[in-house]
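Results of the structural survey
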Amino acid sequence: MTYVKPSFRHPDLPKNDLGFTKKDYEGAISTLCGGCGHDSISGSITQACFEMSIAPHRLAKLSGIGCSSKTPTYFLGNSHGFNSVHGRMPSVATGANLANRDLIYMGVSGDGDTASIGMGQFVHAVRRNLNVVYIVMNNGCYGLTKGQDSATADVGSISKNGMNQFQAIDLPALALELGASFVARSFSGDKNQLIPLIKAAISHHGFALIDVISPCVTFNNNTGSTKAYDYVREHITTADVVDYVPPGEEITMDYPEGTSADLTLHDGSMLQLTKLAPNWDPRDKLAAMQRIYMSRAKQEILTGLLYIDPNTQDLHDLIGTVATPLNELLEEDLCPGSATLEEINRGLR
Amino acid sequence: MRSVAAVNDFVVRFANVNGTGSASANNMFAKAVFRMGLPFSAKNIFPSNIQGLPTWYEVRISEKGYLGRRDGIDLMVCVNPQSLPQDVKSVSSGGYFVYDSTKILHPEFVREDITYIGIPMMEICLREYTDPRQRQLFKNMIYVGALSMLLDMDFEVFKGIIADEFKKKEKLIAPNIHAMELGRNYVAEHYEYPLPLRMETRDLVGDSILMDGNSACGLGAVYGGATVAAWYPITPSTSLVQAFEKYANRLRIDKETGKKKFAVVQAEDELAAIGVAIGANWNGARSFTATSGPGVSLMNEFLGLAYFAEIPVVLTDVQRSGPSTGMPTRTQQSDILLAAYASHGDTKHILLFPANPKECFEIQALSFDLADRLQTPILVMIDLDLGMNEHLSPPLKWDDSRKYDWGKVYDAEELEQMAQYGRYLDSDGDGITYRTIPGTHPTKGSFFTRGTSRDEYARYTEDGSVYVRNMNRLLKKWDTAKEIIPQPEFYQQGNQNKEGIIFFGTTTDSALEALDLLREDGIELDAMRLLSFPFSKQVEDFVQAHERIYVIEQNRDAQMRSLLINELEVDPAKLIRVLNFDGMPITAAYIQGEIKGKLKS
């Protein structure tokens, strides 16, 4: 089946600073189920990139396998994409990032792709502080193979295949433990929260995890599921509200004193945080961990920017590569030539 | 008793305890042979262990220039009581047994047909040194000293080597020379020297170098323009990426900033290692990984992706004895079929077979050009013997007029002038299509790379006819590859005989020696050395032109023979197996014996 999007758009569509309309950030028509949370996330990514005036060709989108990993086809059609193998997107993203540190890398994964088959690669990408936006479209089940529980399904959660008895992996908690420098959780149905978080993650210089609860309308949206739309809406609790202010733009919003905090990111953009919890500071890792555990005990889904360290060193900083992207180095930069080889030969006699 | 007498033609084996510093002493011995202008080959026969288990080092000196391993030990230096019983047994009749005579040799280890030369190594050490570590290290130099006297080696050469070795730790020069002298003096006082087994200085190595294949591959990757190396430690490939990093740290540092023009990632496993390499190549950098058989097994899925999605990637497989963990510190050529057809579905990969360090360097460098040109995995197939042992090799050569072949890549200007870009459009008719690198053009040239089936414009499709068209184009590319990858080497003018032999990689030295031995027996054979897979027309012609061909390889299942039968549709009866798979490098005598036994009588 071929899906064709109508190419007609209103001539007065708003344009961003680069002269692109939102259409320039869209992809092919989604083939996911109607009402799938993933499509909302794709929409948020599209919107965030449009509003940030990201040149589409300066962003590369990467994914593994699964429903979530199909989505890069459905957003940013003018960006290069790489749909790799199941659970291995982090390694491909690592290689891509090492080859060219100047592009933005948008990694999209799912709960199976990250928390099961790809767990090994996920944790090591976090450890290396790879400069990537890592979005997990988390629905607690395997959609493409018809609804088996995934490793993020809560104990006691009921899917169409029955009740899950095994412990759930909490990806934000795990990422914090591993030293992630940006950890957030959101809900696919809450664009107002998700879009600024995506923008902040793009501006962040290092590994940025956004765990997005994204209900599976076909296999895991029933009564008893803790990742159903109704359940999530009833149990969501927000740690903070983030507003993203691009580099150089004047801060116009006004918050009551004591409830807001400003954070400057690596690229000069600002994050304005409205703290909903008392004494909340997303730079306090210990507090973030504690809040996550407390929320879980209360069966709340804690969302927002849970932790950020705005001044981290990414993989390139840590291993000391040159500022020029490695894929732009020329033969004269790379090949030492015959005279040097003669010297090496002499040392081997 | 008749003692073995020979000048510049014998085998010395050292029996040591792993982790006692014997390797550097033994290497010094080999280097002295080299600097005396004598061709030789050296093999480390080591355990999968850090300290304590027996380890051997074998040096074959060959005035005739035969560099393969030779069975039969003419002189054993036994410094390991643990392996002494088997070491005594392994000496050829008429040979020599040098041992530590601090303790009296038990009578059950006394053979009537070999000469015993006792050197009280430990006793000398106890007398001379107080520090236990020194006692151990200098014990090694004592036996090297004794050997130099027994075998009539030039002491000045050793002094030169020691001076080079300790250039940065000058105060160690004199004590090392002194330790050697202790051994030399003991021999002078107690034995007739030199033995009938001895060396004479010659000028037979020319401008050759001494290098291991892993280092040569690592350096080849630097010269070939690799910027991203990703790997997971595994014997026997570990030292390959380490060599890349060592040379890159020397040759690829930005002078102004001190920053690196390369990146090395020690990945969490082999899956990630090749994933990183594929991601980097996809993004326009030259990238590679190195591993051994178990790693290739893990990399299968990604190799299929790179084949189908057409992403360049270079993988060097330093083969060891399988299956499974097998004998991890022994050599074999047993990953041929695994590598050729790695991954599910209809996949096949380009394999390259260097045979010495010079070729390791050149072929590793070339592999990046081939990967970019053919947009597919290139597997450089070496083995533990080539990778980890130092080999006498022609010097490394680089032609400064040679330019990298970056393959078919559209730049921004070309894209700008294009109505529509199709990633998998075969516009040149050679099966190779044009790729674009992310970030090239604001609105043109982006595409979606995927392991799923797609049409010429990289759009997902499950249309069977489009799928078949694409799979057939990949075959066309495969045919294009046959003629641009390294071609076989022949050792005769045209075809002269009805029978021939085929060999590759580290079998080469022994195969060439076997040809000489067979010629002495009145048996003439044509010879072809394979340098690559798929097989080109030249390979096919050689196979067609001979009635019977002996395929010599170092695995149980005759994997290269299977590949020849499968790909060239040869009558299996025509290809005769000559196989060695005990984990030790194949010998000429073995090949000679096998072929003589299988000759059509």
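Residues numbered from 1 in each chain as written. Chains lettered and ligands numbered in written order. Predicted model: local features only at pLDDT ≥ 70, side-chain atom pairs only at ≥ 80, totals over all residues.

Now for the sheet that holds strand E20 (residues 526–530) of chain B. All names here are of chain B. The sheet built from five strands is open, its strands ordered E18-E20-E19-E22-E23 with mixed pairing. With one partner strand each, in any of the chains shown, strand E18 (489–490) and strand E23 (575–579) form the two edges of the open sheet. In this structure, strand E19 (residues 499–504) lies alongside E20, joined through five bridges in parallel fashion. Of the residues in E20, the one forming a bridge with Phe 504 is Leu 530. Contacts from helix H19 (residues 588–598) reach strand E22 (548–553) and E23, with the element oriented near 145° to E23. (Pairing = 2+ DSSP bridges. Helix = DSSP H or I, 4+ residues; strand = E, 2+ residues; numbered from the N terminus. Contact = placed C-beta atoms within 7 Å. Axes fitted to C-alpha atoms, helices over the stretch in contact; angles between N-to-C directions.)

Here we take up the sheet that holds strand E6 (residues 91–100) of chain B. Residues and elements named next belong to chain B. Taken in spatial order, the six strands make up an open sheet running E3-E4-E2-E5-E6-E7, and their pairing is mixed. Both outer strands of the open sheet, strand E3 (40–45) and strand E7 (115–119), are each paired with one neighbouring strand and no more. The average undirected angle you get between the axes of adjacent strands in this sheet is 15°. When strand E2 (residues 9–17) meets strand E5 (residues 73–78), the two strands line up parallel, connected through four bridges. In the strand pairing of E5, Arg 13 is matched with Met 76. Here helix H4 (residues 132–150) sits on the sheet and contacts E5, E6 and E7; the angle it forms with E7, its principal contact strand, is near 135°.

Below, the discussion takes up the interface of chain A and chain B. At the junction of the two partners, chain A supplies 47 residues and chain B supplies 56 residues. Elements with a contribution of two residues or more to the side of chain A that touches chain B: strand E2 (80–83), helix H3 (89–99), helix H5 (119–127), helix H11 (331–334) and helix H12 (337–346) of chain A. A total of eight residues in the side of chain A that touches chain B trace back to one element, the largest contributor, which is H3 of chain A. Bridge count for E2 of chain A against strand E17 (residues 448–450) of chain B is three bridges, and the pairing is parallel. Bridge pairing in E17 of chain B places Gly 81 of chain A opposite Phe 448 of chain B.

Moving on, we come to the packing of helix H16 (residues 508–520) of chain B against H19 of chain B. Residues and elements named next belong to chain B. The interhelical angle for the contact between H16 and H19, taken along N-to-C directions, is 55°, at an axis separation of 8 Å. As the angle between them shows, H16 and H19 are arranged oblique. Every pair of crossing elements has a handedness; the one defined by H16 and H19 is right-handed. Mapping the contact onto sequence places Ser 510, Ala 511, Glu 513, Ala 514, Leu 517 and Leu 518 in H16 and Ala 588, Ile 591, Gln 592 and Ile 595 in H19. Within the contact of H16 with H19, the residues separate by chemical class into seven nonpolar, two polar and one charged. (Parallel < 35°, antiparallel > 145°, perpendicular 65-115°, else oblique. Left-handed = near helix turned anticlockwise from the far one by under 90°. Nonpolar A, V, L, I, M, F, W, Y, C, P; charged D, E, K, R; others polar.)

Residue and element names in this part refer to chain B. Across five bridges, E22 lies against E23 in parallel orientation. Directly across from Tyr 550, in E23, lies its bridge partner Ile 576. A crossover links E22 with its parallel partner E23, the connecting element being helix H18 (residues 559–568), and its sense is right-handed. (Right-handed = clockwise from strand over helix to strand, strands pointing away.)

You can read the domains of chain B as domain 1 (6–198), domain 2 (211–393), domain 3 (412–484) and domain 4 (489–598). Look at where the C-alpha atoms of domain 1 of chain B and domain 3 of chain B centre, and you get two points 60 Å apart. (Domains from an automatic or database assignment.)

Moving on to the nonpolar core. Grouped together as the largest cluster of nonpolar side chains are 269 residues, with contacts concentrated most on Leu 209 of chain A together with Val 77, Val 98, Val 228 and Val 551 of chain B. Here this core gets ten residues from one element, more than from any other, and that element is H4 of chain B. Discounting chain neighbours no more than four positions away, the residues touching Val 77 of chain B are Val 12, Phe 14, Ala 15, Val 98, Tyr 143 and Leu 147 of chain B. Of all hydrophobic cores here, the second largest spans six residues; its members include Cys 141, Ala 153, Cys 216 and Phe 219 of chain A. (Core = buried A, V, L, I, M, F, W, Y, C linked by C-beta atoms within 7 Å. Buried ≥ 20, exposed ≤ 12 C-beta atoms within 10 Å, placed from the backbone.)

Residues and elements named next belong to chain B. Packing of helix H7 (residues 213–223) against helix H12 (residues 357–374) leaves a shortest axis separation of 7 Å and a crossing angle of 30°. On the basis of the axis angle, H7 is roughly parallel to H12. Classified by chirality, the crossing of H12 by H7 is right-handed. Each of Gly 213, Ala 216, Cys 217, Leu 219, Gly 220, Ala 221 and Tyr 223 in H7 lies in contact with H12, whose residues at this interface are Pro 357, Cys 360, Phe 361, Glu 362, Gln 364 and Ala 365. Split into classes, the residues belonging to the contact of H7 with H12 amount to nine nonpolar, three polar and one charged.

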